[in-house]
Amino acid sequence: MSPAVLLAILCLGVTKATQSSDPSLDSEWQKWKIKYDKNYSLEEEGQKRAVWEENMKLVKQHNIEYDQGKKNFTMDVNAFGDMTGEEFRKMMTDIPVPNLRKKKSIHQPIVGDLPKFVDWRRRGYVTSVKDQGRCNSCWAFSVAGAIEGQIFWKTGKLVSLSPQNLVDCSRPDGNYGCYMGSTFNALKYVWKNGGLEADSTYPYEGREGHCRYLPERSAATITGFSFVSQNEESLMHALATIGPISVGIDAAHESFRFYRGGIYYEPKCSSNTINHSVLVVGYGYEGRESDGRKYWLIKNSHGEQWGMNGYMKLARGWNNHCGIARYAVFPRV
């Protein structure tokens, strides 16, 4: 087949795909591609546009219901807009929860009054939002964030630690690079290894490589780690008195993928199955406390263009919504 004939066939395919698309969305499509730096081949353009349009319809319908008072949060067609739900879920793997009954180091609630609002960002415990990309390394970002907070508490210095160090080096402790990992195995690696490098000396690449950790470049050490009892009250006590906590949640939903702002509540969320690791950095409520609009403030690893500049308010006090207290752990320094 000559190059001219092949080009004609490709162009015909694009024309058909374009004809089946909604022309009223042409401008939004172009703006979205520019915003998220999307470039497609001739073969991909029509397929990706079709997926994007379906996601756009879903998001617009959700936001109409938000305006009608039926939803508590808004959605936006973000960088995941050209992915199907199946493609997004492939970025996640169910995370096995250790048998905490066999663990002696479970943090117990501290008796006493707690503040009504906590936001560790305001006290210097939290580094900037990062983007894990297509690598399933959320567990590494969650652990790095938890250690960053405790090192700040101990030294007064906030250092951005290296998730790539964890991706590359914690396989002997049970993790599988960009395929799958757990915060338990990551913390075990840092503890046994005797240190973790900073992002500045071991930058993020979004893929697994060979382990390049050097002890002389270690920026943080831990003496161990503790699990938090599996209920929201214990998580609240730990968060208020210790600092940011690493947690796992069920994030395999369209509403999570396209979350924009507000208090996130997803009826389909599981309280037992977790597939995504994040960092809880605070809690609070909107309106009056009696209104029940309580939330956890979580730091995600999908970049600053996701959610509220990389953060989410997740419903608090709704029977462990999305499994927020199912797998909570913090390092000791």
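So, here is what we can say about the structure in this document.

## Observations concerning empty space enclosed by the protein
It is a probe the size of a water molecule, rolled over the atoms, that shows where empty space is left.
Phase 1: Here the structure, examined in full by the defined rule, presents three cavities of 30 Å³ or more.
Phase 2: When its volume is computed, the largest cavity comes out at roughly 120 Å³.
Phase 3: If you go around the largest cavity, you meet 17 residues; those closest to its centre are K130, F141, S142, G145 and K299.
Phase 4: At the level of secondary structure, the elements contributing two or more residues to the lining of the largest cavity comprise α5 (138-155) and β9 (276-285).

## Considerations on the environment of K90
Phase 1: Within the secondary structure, K90 is located in the loop between α4 (85-89) and β2 (106-107).
Phase 2: Residue K90 is classed as exposed on the basis of its relative accessible area, which comes to 64%.
Phase 3: A sequence separation of 89 residues divides K90 from Y179, and the C-alpha atoms of the two residues are 9.6 Å apart.

## With respect to the state of the cysteines
Phase 1: Applying the stated criterion across every chain, the model contains three disulfides.
Phase 2: Disulfide partner of C135: C178, at an S-S distance of 2.0 Å. Measuring handedness by torsion sign, the sulfur bridge of C135 and C178 sits at about -95° and is left-handed. Of this pair, C135 sits in the loop between β3 (118-119) and α5 while C178 sits in the loop between α6 (163-169) and α7 (183-193); the two residues are 43 residues apart in sequence, bridging distant segments of the chain.
Phase 3: Shown here is the disulfide that connects C269 with C322, its sulfur atoms set 2.0 Å apart. Judged by the sign of its S-S torsion, about 100°, the cystine formed by C269 and C322 is right-handed. One end of the pair, C269, is in the loop between β8 (259-264) and β9; the other, C322, is in the loop between β11 (311-315) and β12 (329-332), and 53 residues separate them in sequence.

## Here's the deal with the pairing of strand β10 (residues 294-299)
Phase 1: β10 sits mainly inside the fold: five of its six residues count as buried.
Phase 2: Bridge count for β9 against β10 is six bridges, and the pairing is antiparallel. Paired with L279 across the bridge in β10 is K299.
Phase 3: When β10 meets β11, the two strands line up antiparallel, connected through five bridges. Its bridge partner lying in β11, W296 is registered against L314.

Rules used in this analysis
- For every chain, the first residue of its written sequence is number 1, and the numbers climb from 1 along that sequence.
- Under the rules for a predicted model, residues below a pLDDT of 70 receive no local features and side-chain atom pairs below 80 are neither given nor counted, while totals for whole chains, interfaces and linings still include all residues.
- Heavy atoms from the whole structure form the basis of all side-chain values; hydrogens and water molecules are not counted.
- The method works on a 1 Å grid over the protein atoms by themselves. A cavity is a set of points holding a 1.4 Å probe that cannot get out, a pocket is an open set with protein on both sides within 12 Å along at least five of seven lines, and residues with an atom within 4 Å of a point line them.
- Grid points are joined across faces, edges and corners, and a volume is the space filled by probe spheres set on the points.
- Only DSSP runs of H or I covering at least 4 residues are called helices, and only runs of E covering at least 2 are called strands; the numbering of each starts at the N terminus.
- Only protein chains enter the accessibility calculation, which uses a 1.4 Å probe. A residue is then buried if its area is under 20% of the maximum for its type, exposed if over 50%, and partly exposed in between.
- In this description, the term disulfide denotes a pair of cysteine sulfurs within 2.5 Å.
- Should DSSP find at least two bridges between two strands, the strands are regarded as paired.

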